[in-house]
Amino acid sequence: MRRLITTLAILLVVVVAGMTALVLLVNPNDFRTYMVQQVKQRSGYQLEVSGDLRWHVWPQLSILAGRMSLTAPGASQPMVTADNMRLDVNLWPLLSHQLSVSQVMLKNAIIRATPDSAVQKPQGAPIEPGDSEPAIAASNGWTFNISKLRIADSLLIWQQPGGDEYNFRDLNLNLNQDDNRQASVELATRVSRNQRNLSLNLKGQMDVAHYPHRISGQLDELDYTLDGANLPPQGIKGTLSGQAQWDGDQQQFALNKLQLTANDSALDGSAEGRLALPQQLNLALHATSLNLDNLMASAPASDNSTTQQANVMRTPVIAEPRAHNNADSPLNSMDLQLTLDADSSVWRGLTLSNLQIDARNQRGLLTLNKLQGKFGDGHFSIPGSVDIRQPVTQVAFQPELSSIAIAPLLKALELPASLQGTVSLKGDISGAGLSVAEAKQNWQGNAELEATNLQLAQLNLQQMVRRAVARVSNRVSNDQPDDQGIEQLSGRISLKQGNVTLPDLQGGSSRLALQTHGNVDVVKQQLDVTINMILRGWQGDDRLAKVLNGQPIPLRMYGSWGNLQYSLPVDDVVRQQLQGEAKTRLNQWLDSQKSAPRQ
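No experiment lies behind these values; they were computed from the predicted model shown. (Residues numbered from 1 in each chain as written. Predicted model: local features only at pLDDT ≥ 70, side-chain atom pairs only at ≥ 80, totals over all residues. Heavy atoms only, no water.)

S.K.: Looking at this structure, how should I read the pairing of strand β12 (residues 236-247)?
M.R.: For a regular strand, side-chain orientation follows a simple rule: the groups alternate between the two sheet faces. Note that strand β11 (residues 214-228) and β12 share 11 bridges and pair antiparallel. Bridge assignment links isoleucine 215 to a residue of β12, and that residue is tryptophan 246. Relative to strand β13 (residues 252-262), β12 runs antiparallel, the two sharing 7 bridges. When the bridges of β13 are listed, aspartate 247 appears paired with glutamine 252. Between β12 and β13, which pair antiparallel in sequence order, lie 4 residues; one of them, glutamine 251, sits at a positive phi of approximately 55°. (Pairing = 2+ DSSP bridges. Helix = DSSP H or I, 4+ residues; strand = E, 2+ residues; numbered from the N terminus.)

S.K.: Just to check I follow, could you spell out the packing of aromatic side chains for this structure?
M.R.: Centre-to-centre distance and the angle between the planes together describe a pair of aromatic rings. Under the definition given, this model contains 2 aromatic pairs. Taking the centre distance of 5.8 Å and the plane angle of 40° together, the rings of tryptophan 158 and tyrosine 166 count as tilted. Ring geometry for phenylalanine 397 and tryptophan 443: centres 5.8 Å apart, planes at 50°, overall tilted. Of this pair, phenylalanine 397 sits in strand β21 (residues 394-397) while tryptophan 443 sits in the loop between α6 (436-442) and β24 (444-456), and the two are 46 residues apart along the sequence. Taken individually, phenylalanine 397 and tryptophan 443 each receive the classification buried, so the pair is uniform in this respect. (Phe/Tyr/Trp six-rings, centres within 6.5 Å; stacked < 30°, edge-to-face > 60°. Buried < 20%, exposed > 50% of the residue type's maximum accessible area, 1.4 Å probe, protein only.)

S.K.: Is there a simple way to think about helix α7 (residues 461-472) in this case?
M.R.: Structurally, the α-helix is built with 3.6 residues per turn, so residues lying three or four positions apart point the same way. Its 12 residues give α7 an end-to-end C-alpha distance of 17 Å, which sits within 8% of 16 Å, the value for a rise of 1.5 Å per residue. Of the positions making up α7, those classed as buried are Leu461, Gln462, Val465, Arg466, Ala468 and Val469. End-on, the buried residues of α7 take up no more than an arc of 165°, which puts them together on one face. Relative to its buried face, α7 has exposed residues pointing more than 90 degrees away, namely Arg467, Ala470 and Arg471. (Expected span 1.5 Å × (residues − 1). Arc of directions from axis to C-beta.)

S.K.: What is the right way to look at unusual backbone geometry in this model?
M.R.: A negative phi angle characterises most non-glycine residues, just as the trans form characterises most peptide bonds. The residue glutamine 195 is not glycine, and still its phi comes out positive at about 60°. The residue glutamine 195 is located in the loop between β9 (182-193) and β10 (196-207) in this model. Of note, the phi angle at arginine 363 is positive, near 50°, even though the residue is not glycine. In this fold, arginine 363 is placed in the loop between β17 (350-362) and β18 (365-375). The partly exposed category is assigned to arginine 363, whose relative accessible area is 45%.

S.K.: Would you mind showing me how to read the pattern of salt bridges here?
M.R.: One pass over the full model with this rule turns up 8 salt bridges. As a salt-bridge pair, lysine 107 and aspartate 153 come within 2.8 Å of each other at their nearest N and O atoms. Of this pair, lysine 107 sits in strand β6 (residues 101-113) while aspartate 153 sits in strand β7 (residues 148-159); the two residues are 46 residues apart in sequence, bridging distant segments of the chain. With a relative accessible area of 31%, lysine 107 lands in the partly exposed category. (Salt bridge = Lys/Arg side-chain N within 4 Å of Asp/Glu carboxyl O.)

S.K.: Just checking my understanding: could you explain helix α8 (residues 542-550) for this structure?
M.R.: Residues of α8 that are buried: Leu544, Ala545 and Leu548. Seen end-on, α8 carries its buried residues on one side only, within an arc spanning 100°. Away from the buried face of α8 by more than 90 degrees, exposed residues Asp542 and Lys546 are located.

S.K.: Help me understand the confidence of the model for the protein chain, please; the structure alone is not making it clear to me.
M.R.: The predicted structure's coordinates, where accompanied by low pLDDT, should not be read in detail. Per-residue pLDDT for the protein chain has a mean of 81; in total, 80% of the residues score no lower than 70. Confidence drops under pLDDT 50 across residues 133-144; counting only partners more than four residues distant or on other chains, this segment forms 25 contacts. A low-confidence stretch, residues 304-322 (pLDDT under 50), is modelled with 6 contacts involving residues beyond four sequence positions or located in other chains. (pLDDT = per-residue confidence, 0-100. Contact = heavy atoms within 4.5 Å.)

S.K.: Mind showing me how you'd approach the side chain of aspartate 387 here?
M.R.: Positionally, aspartate 387 belongs in strand β20 (residues 384-387). At 2.9 Å, the side chain of aspartate 387 and the side chain of arginine 389 are in polar contact. Apart from the residues within four sequence positions on either side, aspartate 387 is in contact with Gly364, Leu365, Val392, Thr393 and Gln394. (Polar contact = N/O pair within 3.5 Å; in protein donor to acceptor, adjacent residues only side chain to side chain.)

S.K.: Even after reading the chapter, I still don't get the nonpolar core, so can you show me in this structure?
M.R.: Side chains that are nonpolar tend, in soluble globular proteins, to be buried together. Among the nonpolar cores identified, the biggest contains 74 residues, and Leu340, Met533 and Trp538 are the most heavily contacted of them. Those residues within four positions of leucine 340 in sequence are excluded, and the remaining contacts are Leu267, Leu285, His286, Ala287, Leu290, Leu355, Gln356 and Ile357. Residues Val49, Ile63, Ala72 and Ala109 belong to the second largest nonpolar core, which totals 30 residues. (Core = buried A, V, L, I, M, F, W, Y, C linked by side-chain atoms within 4.5 Å.)

S.K.: What is the right way to read the environment of alanine 72 from this model?
M.R.: Following the sequence through the fold, alanine 72 ends up in the loop between β4 (68-71) and β5 (80-89). Leave out the neighbours within four places in its chain, and alanine 72 touches Tyr45, Ser117, Ala118 and Val119.

S.K.: Teacher, can you tell me more about the environment of valine 395 here?
M.R.: Assignment of secondary structure puts valine 395 in strand β21. We classify valine 395 as buried; its relative accessible area is 5%. Residues valine 395 and serine 385, 10 residues apart in the sequence, show an inter-C-alpha distance of 5.7 Å. Every residue in contact with valine 395, bar those within four places of it in the chain, is listed here: Ser385, Val386, Ile429, Ser430, Gly431, Gly433, Leu434 and Trp443.

S.K.: Would you take a moment to explain the pairing of strand β1 (residues 46-49) for this structure?
M.R.: Residues Leu47 and Val49 line the buried face of β1, whereas the alternating positions Gln46 and Glu48 sit on a face that is not buried. Here β1 pairs with β4 via 4 bridges, running antiparallel. Following the sheet pairing, leucine 47 is matched in β4 by leucine 70.

Laid out in structure tokens, this is it:
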């Protein structure tokens, strides 16, 4: 044991002495010209290193440099600038006058991926084939191998030609590659734009053997957080994984075997597109669960929102919220093709199944070739278009509903759920805006409607008529059981700037016939609707029963939703019948007097 300890001590002394001698005998500034020449020869980029180079021995033998810059041929701005650069070098190659860099570390760097920092070809220069590989200079006895790259606390400025500029701050990158140019990468950064914040943490594997022409690899995990203006209060959080490919010549990417989570939604599928203008994106997705309410800022508040709001501390107002503008939408500069199948989805509190979307966007004009699904026992289809090329969004839809439950639909549209039953509808609507509030105020259109098994909340129409008749006359009665509903009601309705017009809806049940007309103002929350009802089954006085069995009795509902007024003038109908009967008897008596012989 003593001999082993002695041997290790001797080796340690030798290593320390050798490194000390190396530091004293080798001047790191001797490698400055070599590094500049090698970078220039291998890539054509110009490397500049300011200040003296100096050794750093512990814990890794390194060369420390001050400010550095790396500029592409013909570029007006450097691609990389950094306040500090550290080169971790291998010891044994250095002893034989070879510089082998195992890791490059940049701190407080600014990386520009912009048109001004890109390689600029001289005018008239021939264009090389897209599949050509960069030339590798022949070896001259020196080696310059970099297996690790580390970037800390830096900034990435990314801009496509003619596109907007994005600043990725707090950039931290670890890139390790082996002799076969198979690399592992870890990246963390954040970007802020239009009062929205995006944070990214990425881990993956890359094949960089054909860089910069092609990169392929495995995206093991990408954690993201997105919050800010026009997003849900809790933001959007999730993960992304898949197999990725990048074509640098065509600026195209592909992501296969995609696995995506966003809050409580889970999707899989594929994505491919192009970053160069015009940008393109093709998405083919399948969702096992898709909760749109947790992904949209305009989702309705939950039933317990009042309780939750009491526990939320009010934050100080820093600035006025930024008004939404269609110019902010990335769809204005993108061609998008989307196909989506969702097994289960939630929209404004409605649980949908078998949701299918087939949409195409052409630089702001979104065409919905297919938007359909099931809700309960019903089915819906809403093809149409959404135009965001102008400041005010323009929409046009051709909805078709079949046996859709009315009460939850009214609740989703922020209307009183005072009507139950099912509705089938086929219409054509258009207008300005896409939110529910904008739809109420700015949309217009017409539709053919058929409703079944209707029930008015807290209103029994048959009972109302019987009680009203009983108050004015005891000569008739109606002992038929209450249906407490309307079996069928159909007709045409129209919408214009929040005013729903009911020109003539007809229907009823076996013992009740209805004819409805009027209007409902969903913006002012007022209505004026008259329901002409014929209740059958009256017995008693033959003449009065005959009148009531065939005479419409008008029920008028009017006023604001919070203070609704009713008018049911049954006494007018009975009074007219009594007056008519009295007049008839008087005329009969007069006729009998005229025909009687005079004495």
